[in-house]
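# Descriptive structure summary
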Amino acid sequence: EAAPLPYSLAALQVDAGRRFGLGPKVTLDVCQALYETHRLTTYPRSDCSYLPEGHLAQAAEITRAIASVEPKLAGLAGDANLSLRSRAFNDAKVTAHHALIPTPRSSTPAALSKNERDVYNLIARRYLAQFFPPFEYFQLDAEITVGGQRFTAKGRQPITAGWKRLFDSSAERDEQAGHDDGPSNEDDLDPESPLPPLQPGQAISIAKTRTVAKKTKPPKRFTAAGLVQAMTGIAKYVSNPQIKALLRETDGIGTPATQASIIQRLFDPHFIEEQKRQIISTPTARSLI
């Protein structure tokens, strides 16, 4: 599994919301300060996750800068293999602005506020991940026939951490894997659990069976992070195939530069409100709909 690409603004807003509870506008304001005031990160209002190939020449300077701004990343920055070239460096996929990454400018942690340091940390980890090898794992998928019915099971066992060394908690790893805030009615299975050794055609014994009655759950309420993600991928909420196809050709609702302000324009007249990170519609909004 290759490292996740560097951040676009929308992807950064999603992760900053999940990790630190920062709203899209706050994240944008922090990125603007890191760019304009501190000059520690590149232009933030980008919808691109790729970098020009010429940026590889700055990798050594940028990793040194990361170590000065965020000392706890110094060890990982030192372990980065700058001879690696990830899929992120691709001139053909760079649009008007490239992905959001650290600049070669050095600073001290004391120069940044907590929010600025938190967001810089996210941006820096994603950049460093481009210079770590892939995450390697052994996966076993099994199809088992019981009484004429087919059941499936999957197990995964990590082999080499690779870029996942940069993300030291399960929450961070989930973010990098692109898990969203959408609903799920699947059983809670641990994808990291290995399966026992199996061979094609092997006969097995069923130790026990049980029937479990469950009810589907309503979709989870949006968080600010999930709302940005939904705006970017709005096509998945549309059933009409023609309209879905058109929406897939666009950036969704708004652009990286306007999405935060669109959401804020719903907060200001009290159409929506935030309760424990969840976005709740108000009676005013429901009566309008």
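Since this is a predicted model, take the numbers as computed values, not measurements.

This paragraph deals with helix 1 (residues 9–20). Because the α-helix completes a turn every 3.6 residues, residues three or four places apart line up on one side. Here helix 1 is 12 residues long and its end C-alpha atoms lie 16 Å apart, about the 16 Å a rise of 1.5 Å per residue gives. Of all 12 residues in helix 1, nine are buried; the element is thus mostly enclosed. In the segment just after helix 1, glycine 21 is the residue with positive phi, at about 70°.

Positioned with a positive phi, lysine 276 is a non-glycine residue whose angle comes to about 50°. Here lysine 276 is to be found in the loop between strand 3 (272–275) and strand 4 (278–281). Of note in this structure, arginine 277 is not a glycine but carries a positive phi near 70°. Relative to the helices and strands, arginine 277 resides in the loop between strand 3 and strand 4.

Below, the discussion takes up the packing of helix 2 (residues 24–36) against helix 9 (residues 259–267). Remark: helix 2 packs on helix 9, axes separated minimally by 8 Å, with the N-to-C direction vectors making an angle of 140°. Between helix 2 and helix 9, the interaxial angle falls into the category oblique. The element helix 2 and its partner helix 9 pack so that their crossing is left-handed. Of helix 9, the residues touching helix 2 (which contributes Pro24, Lys25 and Leu28) are Ala260, Ile263 and Gln264.

Before going further, it helps to spend a moment on the nonpolar core. Leu12, Ile66, Val119, Tyr120, Tyr127, Trp163 and Leu166 are the most contacted members of the largest nonpolar core, which has 37 residues in total. Of all the elements in the fold, those that place two or more residues in this core are helix 1, helix 2, helix 3 (59–69), helix 4 (74–79) and helix 5 (114–128). If sequence neighbours within four positions are ignored, tyrosine 127 has contacts with Leu51, Ala59, Ile62, Thr63, Ile66, Ile101 and Pro102. With 10 residues, the next largest nonpolar core counts Val14, Ala224, Leu227 and Ile263 among its residues.

With that settled, the discussion passes to the packing of helix 3 against helix 5. For the pair helix 3 and helix 5, the least separation of the axes is 11 Å and the interaxial angle reads 145°. For the pair helix 3 and helix 5, the crossing hand works out as left-handed. Residue-level inspection shows Ala59, Ile62, Thr63, Ala65, Ile66 and Val69 of helix 3 in contact with helix 5, the latter providing Tyr120, Ala124, Tyr127 and Leu128. Across the contact of helix 3 with helix 5, the residue classes tally to nine nonpolar, one polar and no charged.

What follows is about the side chain of histidine 38. Tracing the backbone through its elements, the reader meets histidine 38 in the loop between helix 2 and helix 3. Overall, the relative accessible area of 17% leaves histidine 38 in the buried class. Each residue touching histidine 38, except ones within four places of it in the same chain, is listed here: Ala33, Arg105, Ala111, Leu112 and Glu116.

This brings us to a nonpolar patch on the surface. On the surface, Leu198, Ile204 and Ile206 cluster together into a nonpolar patch covering about 230 Å² of accessible area. As for its placement among the helices and strands, leucine 198 is situated in the loop between helix 6 (170–176) and helix 7 (224–232). Of the residues examined, leucine 198 reaches a relative accessible area of 31% and is grouped as partly exposed.

Moving on, we come to the pattern of salt bridges. Across all of its chains, the model carries eight salt bridges by this definition. The salt bridge involving glutamate 1 is made with arginine 156; its shortest N-O contact spans 3.9 Å. Of this pair, glutamate 1 sits in the segment before helix 1 while arginine 156 sits in strand 2 (residues 149–160); the two residues are 155 residues apart in sequence, bridging distant segments of the chain. For glutamate 1, a relative accessible area of 37% gives the class partly exposed. By relative accessible area, which is 15% here, arginine 156 ends up buried. Among the ionic pairs, aspartate 79 bridges to arginine 165, the shortest N-O distance being 2.8 Å. Taken together, the residues span a long stretch of sequence, with aspartate 79 in helix 4 and arginine 165 in the loop between strand 2 and helix 6 at a distance of 86 residues.

Every buried residue belonging to helix 9 is among Gln259, Ala260 and Ile263, and all of these are buried. Projected down its long axis, helix 9 shows its buried positions confined to an angular sector of 100°, all on one face. Where the residues of helix 9 are buried, they touch helix 1, helix 2, helix 7 and strand 3.

What follows concerns the packing of aromatic side chains. Across all of its chains, the model carries six aromatic pairs by this definition. With a centroid separation of 5.4 Å and 65° between ring planes, the pair formed by tyrosine 127 and phenylalanine 131 is classed as edge-to-face. Of the residues examined, tyrosine 127 reaches a relative accessible area of 1% and is grouped as buried. Here a set of aromatic residues connected by ring pairs shows up, and it is made of Phe89, Tyr127 and Phe131. A cation over a ring is seen here: arginine 126 above tyrosine 7, with NZ or CZ 4.2 Å from the ring centre. Across the ring face of phenylalanine 135, the terminal group of lysine 164 is positioned such that the distance to the ring centre comes to 4.3 Å.

About the thresholds
- Residues numbered from 1 in each chain as written.
- Predicted model: local features only at pLDDT ≥ 70, side-chain atom pairs only at ≥ 80, totals over all residues.
- Heavy atoms only, no water.
- Helix = DSSP H or I, 4+ residues; strand = E, 2+ residues; numbered from the N terminus.
- Expected span 1.5 Å × (residues − 1).
- Buried < 20%, exposed > 50% of the residue type's maximum accessible area, 1.4 Å probe, protein only.
- Axes fitted to C-alpha atoms, helices over the stretch in contact; angles between N-to-C directions.
- Parallel < 35°, antiparallel > 145°, perpendicular 65-115°, else oblique.
- Left-handed = near helix turned anticlockwise from the far one by under 90°.
- Contact = heavy atoms within 4.5 Å.
- Core = buried A, V, L, I, M, F, W, Y, C linked by side-chain atoms within 4.5 Å.
- Nonpolar A, V, L, I, M, F, W, Y, C, P; charged D, E, K, R; others polar.
- Patch = residues over 30% accessible without salt bridge, like charges linked within 9 Å, V, L, I, M, F, W, Y side chains within 5 Å.
- Areas by Shrake-Rupley, 256 points an atom, 1.4 Å probe, with all protein chains shown as cover.
- Salt bridge = Lys/Arg side-chain N within 4 Å of Asp/Glu carboxyl O.
- Arc of directions from axis to C-beta.
- Phe/Tyr/Trp six-rings, centres within 6.5 Å; stacked < 30°, edge-to-face > 60°.
- Lys NZ or Arg CZ within 6 Å of the ring centre and 35° of its normal.

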